[in-house]
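Single-letter residue listing:
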Amino acid sequence: MSKCSGNGVADTGCSRVKHPGSDTSEPGTAKIIWASNLILRYLPLCHFFLLVNKDSAGFMVEAMKDLGMLNARATSMAVSARRRLWLRQWTAAAESKKSVENLPFTGQALFGDALDAWISMATAGYYARLVGRSRMKHKVMPPGVTGPPEFERTFRAQQNCVEFYPVFLVVLWMAGLFFYEEVAAAFGLLYIFARHIYFKGYVESAQGRIPGFYLSLVSLFLLLGLTAVGITNALLKRYLDVNFLKKVDHMF
């Protein structure tokens, strides 16, 4: 039978065990020693669990990375397939279709304003070809730029399109970046259509260029307005935490 002395020590017959908090002379010392022994006893086990959790965390990071890459590849294949379906009725060379299928995808539109840039580039090449044909027709050899009125009008129409081309690309991409890509793409197509009217009208007569020229200016100012609105919204969102474009989305 155990006997306990007055100093808080229990005699078990084979060992003497001091219980924490039984030392009346220093009440907190025994508790501190007991807690330290407990930590030292289970510290290797805690270290083991930390290592296991670290390996598990690394595995989860790698798994998420692989999942993200797989999702990106699946999205890319889906976009290419949808674009191929849209372009299957287009009677063009396989290289041209492939270049359109591989246009950058921003996640907002199937083709987006990148298609406008591609179409405008192809249109500029077409206008350059018309100038070359006019040179052969009227026998105006390079570097000559003067000749019959029809050739001069054709040459001047192509040069005017080239002069406005950098401005169009800048406002098109800025509007698509800061505003809605679909709206920017629509105004970009309007500009390309206006340039076609301008070129055809200019080739026929000098006065025929005016309707297309005014329409192209309207398109550029619309794209410029979209750019200004988008940049203003980006500044307000960054410095004042106000996003009125998001509020417009909720309205519709």
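Thresholds, definitions, all that
The numbering scheme is per chain: residues are counted from 1 as the chain's sequence reads. Reporting in this predicted model follows two pLDDT cut-offs: at least 70 for local features of residues, and 80 or more for side-chain atom pairs to be given and counted; totals over whole chains, interfaces and linings ignore these cut-offs and use all residues. Only heavy atoms go into the side-chain values, all of them from the structure, while hydrogens and water stay out. Note on definitions: salt bridges are taken to be side-chain nitrogens of Lys or Arg within 4 Å of carboxyl oxygens of Asp or Glu. Strands are runs of DSSP state E lasting at least 2 residues, helices are runs of H or I lasting at least 4, and numbering of each runs from the N terminus. Burial status follows relative accessibility: with a 1.4 Å probe on protein chains alone, a residue under 20% of its type maximum counts as buried, one over 50% as exposed, and anything between as partly exposed. Every definition here rests on a 1 Å grid over the protein atoms only: cavities are sets of points where a 1.4 Å probe fits but cannot get out, pockets are open sets enclosed by protein on both sides within 12 Å along at least five of seven lines, and lining residues have some atom within 4 Å of a point. Grid points are joined across faces, edges and corners, and a volume is the space filled by probe spheres set on the points. In these notes, a set of buried Ala, Val, Leu, Ile, Met, Phe, Trp, Tyr and Cys residues joined through side-chain atoms within 4.5 Å is what counts as a nonpolar core. We call two residues contacting when some pair of their heavy atoms lies within 4.5 Å.

Undergrad: Please clarify how the pattern of salt bridges should be interpreted in this entry.
TA: Oppositely charged side chains are able to pair whenever their charged atoms sit close together. The tally for this structure, following the rule as stated, stands at two salt bridges. Between K137 and E150 there is a salt bridge; the shortest N-O distance is 3.6 Å. In this pair, K137 sits in helix α3 (residues 113-138) while E150 sits in helix α4 (residues 149-178), placing the two residues 13 residues apart along the sequence. Among the residues examined, K137 registers a relative accessible area of 55% and is labelled exposed. What makes E150 partly exposed here is its relative accessible area of 31%. R156 is the partner of E163 in a salt bridge, and the nearest nitrogen-oxygen pair spans 3.2 Å. On the basis of relative accessibility, which here comes to 45%, the residue E163 falls in the partly exposed class. Accessibility expressed as a relative area gives 33% for R156, which makes it partly exposed.

Undergrad: Is there a simple way to explain unusual backbone geometry in this structure?
TA: Among all residues save glycine, negative phi is the norm, and among peptide bonds the norm is trans. With an omega of 5°, the peptide bond running from P142 to P143 counts as cis. Take P143: it is sitting in the loop between α3 and α4. Positive phi, close to 55°, is recorded for K139, a residue that is not glycine. Within the secondary structure, K139 sits in the loop between α3 and α4. Of note in this structure, D241 is not a glycine but carries a positive phi near 55°. Position of D241 among the secondary structure elements: in the loop between α6 (210-239) and α7 (244-251).

Undergrad: Would you mind showing me how to read the layout of surface pockets here?
TA: One way to see where empty space is left: roll a probe the size of a water molecule over the atoms. For the second largest pocket, the calculated volume is near 170 Å³. Every residue along the wall of the second largest pocket is listed here: L130, R133, S134, K137, E150, T154, F199, K200 and V203. At the level of elements, α3, α4 and α5 (181-204) are the ones that each hand at least two residues to the lining of the second largest pocket. It is α3 that provides the largest number of residues to the lining of the second largest pocket, a total of four residues.

Undergrad: Just checking my understanding: could you explain the nonpolar core for this structure?
TA: Side chains of nonpolar character tend, in soluble globular proteins, to be buried together. Counting 13 residues, the largest nonpolar core has F168, A175, Y191, L220 and L223 as its most contacted members. Counting residues per element, this core draws most heavily on α4, which supplies five residues. Apart from residues no more than four positions distant in its own chain, L220 is found in contact with F164, F168, V171 and Y191. If you look at the next biggest cluster of nonpolar residues, it comprises seven residues, including A157, C161, Y198 and F199.

Coordinates in, geometry out; function isn't part of it.
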